[in-house]
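Next come the chains, spelled out residue by residue.
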Amino acid sequence: MKTLVKTFVAAAMIAISTCSMASVKPEERNLITADLAIDEYVGAMTEGQVANLDKLFTADFNQKICGKQDLQHSRLEMIEFLKKQKGIKMNCKTTTQIVEELPDYAIAKVTMQFDDFAKTDFITLVKENGAWKISKSVNSYK
């Protein structure tokens, strides 16, 4: 009987420790590096991961889409658009590159290669209160 009790206690402890070591929920992630902020952006754009959007963009964020007709979107418009894309995965291959990184400022290039075209996104990131945020996005298509 003591062995059975010890076995149940051990199993319970394993279960509790496994649950406590589970990965951090997306809404609890702290964007402490530019790479983490870029990964969060790519996840939102290509996989519909929208849990951290309020933390991802600066208050004055804007997006510019270059083309025949230049378009601009505000922070609110971008967040609303991405929330509508929740759970939708894009059929593209994505590459990211930090072009320049300083202690509180960075520029990154994100390329999403689709079958018939590519979208290139130059992202400006700034560090605010210890967290990296995206302040500007300039897109072009080929």
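Here, the structure is the one placed above.
Now for a quick tour of the structure.

Criteria and thresholds
Residues numbered from 1 in each chain as written. Predicted model: local features only at pLDDT ≥ 70, side-chain atom pairs only at ≥ 80, totals over all residues. Heavy atoms only, no water. Helix = DSSP H or I, 4+ residues; strand = E, 2+ residues; numbered from the N terminus. Buried < 20%, exposed > 50% of the residue type's maximum accessible area, 1.4 Å probe, protein only. Contact = heavy atoms within 4.5 Å. Areas by Shrake-Rupley, 256 points an atom, 1.4 Å probe, with all protein chains shown as cover. Salt bridge = Lys/Arg side-chain N within 4 Å of Asp/Glu carboxyl O. Core = buried A, V, L, I, M, F, W, Y, C linked by side-chain atoms within 4.5 Å. Phe/Tyr/Trp six-rings, centres within 6.5 Å; stacked < 30°, edge-to-face > 60°. Pairing = 2+ DSSP bridges.

**Quick word on the overall build of the protein chain**
When helices and strands are counted, the protein chain shows four helices and six strands. Counting from the amino terminus, the protein chain carries its helices and strands in the arrangement α-α-α-β-β-α-β-β-β-β. For the protein chain, the proportion of its 142 residues judged to be buried stands at 32%. Contacts spanning at least 24 positions in sequence make up 49% of the contacts within the protein chain whose residues lie at least 6 apart. Just so you have it, the protein chain exposes about 9,400 Å², and 57% of that area is on carbon and sulfur atoms.

**A look at the pattern of salt bridges**
Under the defined criterion, the tally for this structure stands at two salt bridges. With a shortest N-O distance of 3.9 Å, Asp-70 and Lys-64 are connected by a salt bridge. Here Asp-70 falls in the partly exposed class, since its relative accessible area comes to 47%. Classification of Lys-64 by relative accessible area gives partly exposed; the value is 28%. Across the salt bridge formed by Lys-133 and Glu-128, the nearest N and O atoms sit 3.8 Å from each other.

**Observations regarding the nonpolar core**
Grouped together as the largest cluster of nonpolar side chains are 24 residues, with contacts concentrated most on Tyr-41, Leu-53, Phe-57, Leu-125 and Ile-134. Elements with a minimum of two residues in this core: helix H2 (34-47), helix H3 (53-56), strand S1 (57-65), helix H4 (75-84), strand S4 (105-113), strand S5 (118-128) and strand S6 (131-141). Element by element, the count of residues in this core is highest for H2, at seven residues. Among residues more than four places away in sequence, those in contact with Leu-125 are Ala-34, Ala-37, Ile-38, Asp-104, Tyr-105, Ala-106, Ala-108, Trp-132, Lys-133 and Ile-134.

**Considerations on the packing of aromatic side chains**
Taken as a whole, this structure holds four aromatic pairs when the rule is applied. Ring geometry for Phe-114 and Phe-117: centres 4.6 Å apart, planes at 15°, overall stacked. Overall, the relative accessible area of 34% leaves Phe-117 in the partly exposed class. Judged by centre distance (6.1 Å) and plane angle (50°), the rings of Phe-117 and Tyr-141 are tilted. Here Phe-117 is found in the loop between S4 and S5, whereas its partner Tyr-141 is found in strand S6, with 24 residues between them in sequence. Each residue in the set Tyr-41, Phe-57 and Phe-61 is aromatic and connected to the rest through ring pairs, giving one cluster.

**A word on the pairing of strand S3 (residues 93-102)**
Here nine bridges tie S3 to S4, and the two strands are oriented antiparallel to one another. Considered in S4, the bridge of Gln-97 is made with Lys-109. Between the antiparallel neighbours S3 and S4 lie two residues.

Fair warning: the whole summary comes from geometry, so function is off the table for now.
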